[in-house]
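Each chain is listed here by its residues.
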Amino acid sequence: MNNDKVLIVSIPTQDITRPPGILAILAGCCESINMDYSILDLNLYMYNQFSDDIVKGLTRDFLDNNFKSTQNENYYRKVCEHLVDQIKLCRPTYIAISVFTYASILAADVLLKHVQEVCPEIDFKIIIGGLGVNNRVSGITGSKIFGEYCLDTQLIDYCIYGEGDIAFVKLLQGEINYPGINQANSEQILDLDSIPTPSYKRINPRDYFYSNEPELLVTGSRGCVRDCTFCDVAQYWEKYVYKSGNIMADELFNIWKTTGVQKFDFSDSLINGSIKTFRQLNHRLIELKSQNPDFNPKYKGQFICRPRNQLKEKDYMEMAQAGAETLVTGIESFSNAVRDHMRKKFDNDSIDWHFEMCAKYGIKNVLLLLSGYVTETLTDHELQLQYLKKYQIYALSRTIYAININIGGLSITPGTPLIDMAGELGIISHDNAESSFDTNWTSLSNPGLNNKERLRRTTELVHIAYKLGYKVLHFNQKVTEAEQKYNNLLDAVDRPVFKLNSV
Amino acid sequence: MPNYSIYVNNFQLELVLTRGINYPEWSIEHDFEIISQVDTNDTQTIMVDIPIDSSCTSLILTNFGKTDQDTVIENGQIVRDQTLAINRVWANAVLLEQYLIKDQSQMMPDYNQSNLNYAKEHNIELDKVLYTDTLYYNGTWKFNFEQPFFKWYNRLLFEKLKIFNHWVTQSHLGIADEHQIKKLKVLLECLS
């Protein structure tokens, strides 16, 4: 082991029910080259340190990338001070900070400046990475993306763009010109079986705010086999790549051996993108269970419905045997026409089949609905309501464990196929907002579906779902969000119309 | 064709029978059909289909014929015992949570004379009702429920749901506050 040491840091704001997956990934990278490391989760520290109300206020500020009060900023500076204490304690050679999403930019910016101010004499290199390094927040980064802004202002030494599994290792080994380091020229990793295995040796999942038992995030694939019009996954991973089912199952088994945790949450866009690999995963898990009676894994992950001739009853039976507990299933719409336009590539018969099998084998689902899609007609919307009624039995039995409906309907995200289709669909934007998500749009090909109508449809869906006994995820927050959007509608006066540019 | 009714009109039971000298004898207080039976060693797994009226609110199974010889004892140890377990239950083809089945089950045992004698000798008061899904004695197993079944079932699920911290309650379970529900109705009226 060489004398270098890495301090791996995650920052607000993130899910608090389990350790951020990146901590284990970077720990695995360090172990793969025998480099010492420590782990520090400042997000967890924040939750442990402050009252719920303070945490809620800070979380809102991080989501908006703006401190609403000096008091909140001071609270967060106490979190930053904890990092400084740890730096003084462990004297790391490198500090690796994960900027998970745009909602970590304010936290990262303040943290980096604080560290620079408080410990200029300590010699270490700062590395950042994560999806957030590609985001712009004009109040912080100006016109630059966060990674570029940090490099230009010398807040950091290195920024890793794209997947870090190999680039991070290369950087620690001194190969600072490896693709992806300080330049957005990385290529997608195509062989996931060859990257370092995540390590949970120094992470305690029981420190987190889990529900009935601790769970851990795992990754079996990157990218997606679909190219849904509203989704930007293809922007980050052009190809769908995956670990072999056997390797993935063995990874779960080894995590259980290390941590005792039996509950796993797949970060994959789809756990059944490759049916062959998915079957292999389930077969191997069943085999490991039979050899180790105490190994009783439960997994959840995002799932795509497939026709009954592709996913057979035996597949569902084996999923249940292997430990499939909850599937996050992107149905989006119960209209075949809408779903066809989305390129989801399954029909309503496949949805019936999926829920029938899940009900039979006791597999739960989180149902994702996307109301107010560009081509959605009033008839399509009424079909959504009819299907909620039809599947009430699944809501009450919790085969549909929960339902997620995004208030205000479809957001058109940069990097999605819908941006390319904007001209063809006559999509016009009513905002000149810098926000990357455009919710205030109209399609000339479906003019009745304006902002107000989308809000009405989503609000109606939430209302009907609630009345029928569905558990609407984040119900209280969604009602508040609907109220805010409604007030914004009332405030809106004739504003200029901007056309969405194709990318 | 799946049955989407929230009133139960069909149950399927997976019964697992273990043999003492003989297998248990059983009957169900409804018309039923055995749809499969698998025998392995001293165990039978039987799938039973029970169509019921949607006004029905109980399922009754009677277990009988067990004798003292069906508890096989060798060298002071029970090596084999006749039992009947209600292993899994489906209502309208939906697999139900077994812990709830167990909680809602009432077994009225019809003790053998030897059980009664043993209890008397050792001053043990035998339970008149057992809450179990595994029947070790002759007797009647009753599963009481309400209709519409799935509304009743949903209520039970939530009563039993154990939440260990409020972050999960708020963010993951769709817990709805009363004032937010009222606000939603008002919003919908304004938007309509």
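Worth saying up front: this structure is predicted, and the values here are computed from it rather than measured.

In this section: the overall build of chain B. On a plain count of helices and strands, chain B comes out with five helices and twelve strands. Scaling as 2.2 N^0.38, a compact globule of 192 residues should have a C-alpha radius of gyration of about 16 Å, whereas chain B reaches 22 Å, well beyond that. Its C-alpha atoms put chain B at 75 × 40 × 30 Å along the principal axes. Residue burial in chain B is summarised as follows: out of 192 residues, 23% are buried. In chain B, of all internal contacts separated by at least 6 residues, the share reaching a separation of at least 24 is 75%.

With that settled, the discussion passes to the overall build of chain A. For chain A, the helix and strand inventory stands at 20 helices and 16 strands. Over its C-alpha atoms chain A spans a radius of gyration of 23 Å, differing by no more than 12% from the 23 Å that the globule rule assigns to 503 residues. In terms of overall dimensions, chain A has C-alpha extents of about 65 × 65 × 40 Å along its principal axes. When the 503 residues of chain A are sorted by exposure, 48% land in the buried category.

Residues and elements named next belong to chain A. Strand order in this open sheet of five strands is S2-S1-S3-S4-S5, and the pairing throughout is parallel. Unpaired on one side and paired on the other, strand S2 (36–41) and strand S5 (158–160) mark the two borders of the sheet. Strand-to-strand, the axes of this sheet are offset by a mean angle of 20°, without reference to chain direction. The pairing of strand S1 (residues 5–10) with strand S3 (residues 94–98) spans five bridges and is classified as parallel. Across the sheet, residue Ser10 finds its bridge partner in S3, namely Ser98. Strands S1, S2 and S3 of the sheet are contacted by helix H4 (residues 70–90), whose axis makes an angle of about 165° with S1.

Moving on: the interface of chain A and chain B. Where the parts come together, the accessible area they lose is often given as the size of the interface. Of the residues lining the interface, 38 residues belong to chain A; the matching set on chain B comes to 36 residues. For the side of chain A that touches chain B, the elements supplying multiple residues, two or more each, are helix H14 (348–361), helix H16 (392–396), helix H19 (451–468) and helix H20 (475–491) of chain A. Sorting elements by how many residues they give to the side of chain A that touches chain B places H19 of chain A first, with eight residues. Of the residues contributing to the side of chain A that touches chain B, the split by class is 16 nonpolar, twelve polar and ten charged.

Moving on to the sheet that holds strand S6 (residues 215–218) of chain A. All names here are of chain A. Taken together, the six strands give an open sheet; going across it, the order is S6-S9-S10-S11-S12-S13, and neighbouring strands pair in parallel fashion. Either end of the sheet is taken by a strand with one partner, and the two such strands are S6 and strand S13 (400–405). Averaged over neighbouring strand pairs, the angle between their axes works out to 20° when direction is ignored. Of the strand pairs in this sheet, strand S9 (residues 263–266) and strand S10 (residues 298–303) are connected by three bridges, and their pairing is parallel. Bridging from a neighbouring strand, Phe264 pairs with Tyr299 of S10.

Between its first and last C-alpha atoms H20 of chain A spans 24 Å; for 17 residues at 1.5 Å apiece the expected length is 24 Å, and the two agree. For H20 of chain A, the set of buried residues is Phe475, Lys478, Val479, Ala482, Lys485 and Tyr486 of chain A. The buried residues of H20 of chain A all sit within an arc of 125° when viewed along its axis, so they share a single face. Seen from the open side of H20 of chain A, the exposed residues pointing more than 90 degrees away from its buried face are Gln484, Asn487 and Asp491 of chain A. Where H20 of chain A is buried, its residues meet H19 of chain A together with helix H5 (178–191) of chain B.

All names here are of chain A. Entries for chain A in the domain assignment read domain 1 (5–187) and domain 2 (215–499). The gap between the C-alpha centroids of domain 1 and domain 2 is 29 Å. With four residues of domain 1 at the interface, the matching set in domain 2 holds seven residues.

As a further point, take the environment of Gln173 of chain A. Here Gln173 of chain A is to be found in the loop between helix H8 (167–172) and S6. With 138 residues separating them along the chain, Gln173 of chain A and Met35 of chain A place their C-alpha atoms 9.6 Å apart.

In this section: the confidence of the model for chain B. Caution is warranted with low-pLDDT regions, since their predicted coordinates should not be read in detail. Looking at chain B, the pLDDT average stands at 92 and 93% of residues meet or exceed 70. The ipTM value of the predicted complex is 0.93, and its pTM value is 0.90.

Residues and elements named next belong to chain B. The sheet contact formed by strand S1 (residues 10–18) and strand S8 (residues 83–91) spans eight bridges and is antiparallel. In the sheet register, Leu17 faces S8, and the bridge partner there is Leu84. Here S8 pairs with strand S11 (residues 134–135) via two bridges, running antiparallel. When the bridges of S11 are listed, Leu84 appears paired with Leu135. Bridge count between S8 and strand S9 (residues 94–95): two bridges; the pairing is antiparallel. Its bridge partner lying in S9, Ala91 is registered against Val94.

Turning to the pairing of strand S7 (residues 77–81) of chain B, a few remarks are in order. Residue and element names in this part refer to chain B. When you tally the buried positions in S7, you get zero out of five residues, a small fraction of the element. Taken together, the four bridges between strand S6 (residues 71–74) and S7 define a ladder with antiparallel strand orientation. Counted as the bridge partner of Ile73 is Ile78 from S7. In this antiparallel pair of consecutive strands, S6 and S7, the connection spans two residues, and Asn75 shows a positive phi of 50°.

Conventions adopted
Residues numbered from 1 in each chain as written. Chains lettered and ligands numbered in written order. Predicted model: local features only at pLDDT ≥ 70, side-chain atom pairs only at ≥ 80, totals over all residues. Helix = DSSP H or I, 4+ residues; strand = E, 2+ residues; numbered from the N terminus. Rg over C-alpha atoms; globule rule 2.2 N^0.38 Å. Buried ≥ 20, exposed ≤ 12 C-beta atoms within 10 Å, placed from the backbone. Contact = placed C-beta atoms within 7 Å. Pairing = 2+ DSSP bridges. Axes fitted to C-alpha atoms, helices over the stretch in contact; angles between N-to-C directions. Nonpolar A, V, L, I, M, F, W, Y, C, P; charged D, E, K, R; others polar. Expected span 1.5 Å × (residues − 1). Arc of directions from axis to C-beta. Domains from an automatic or database assignment. pLDDT = per-residue confidence, 0-100.

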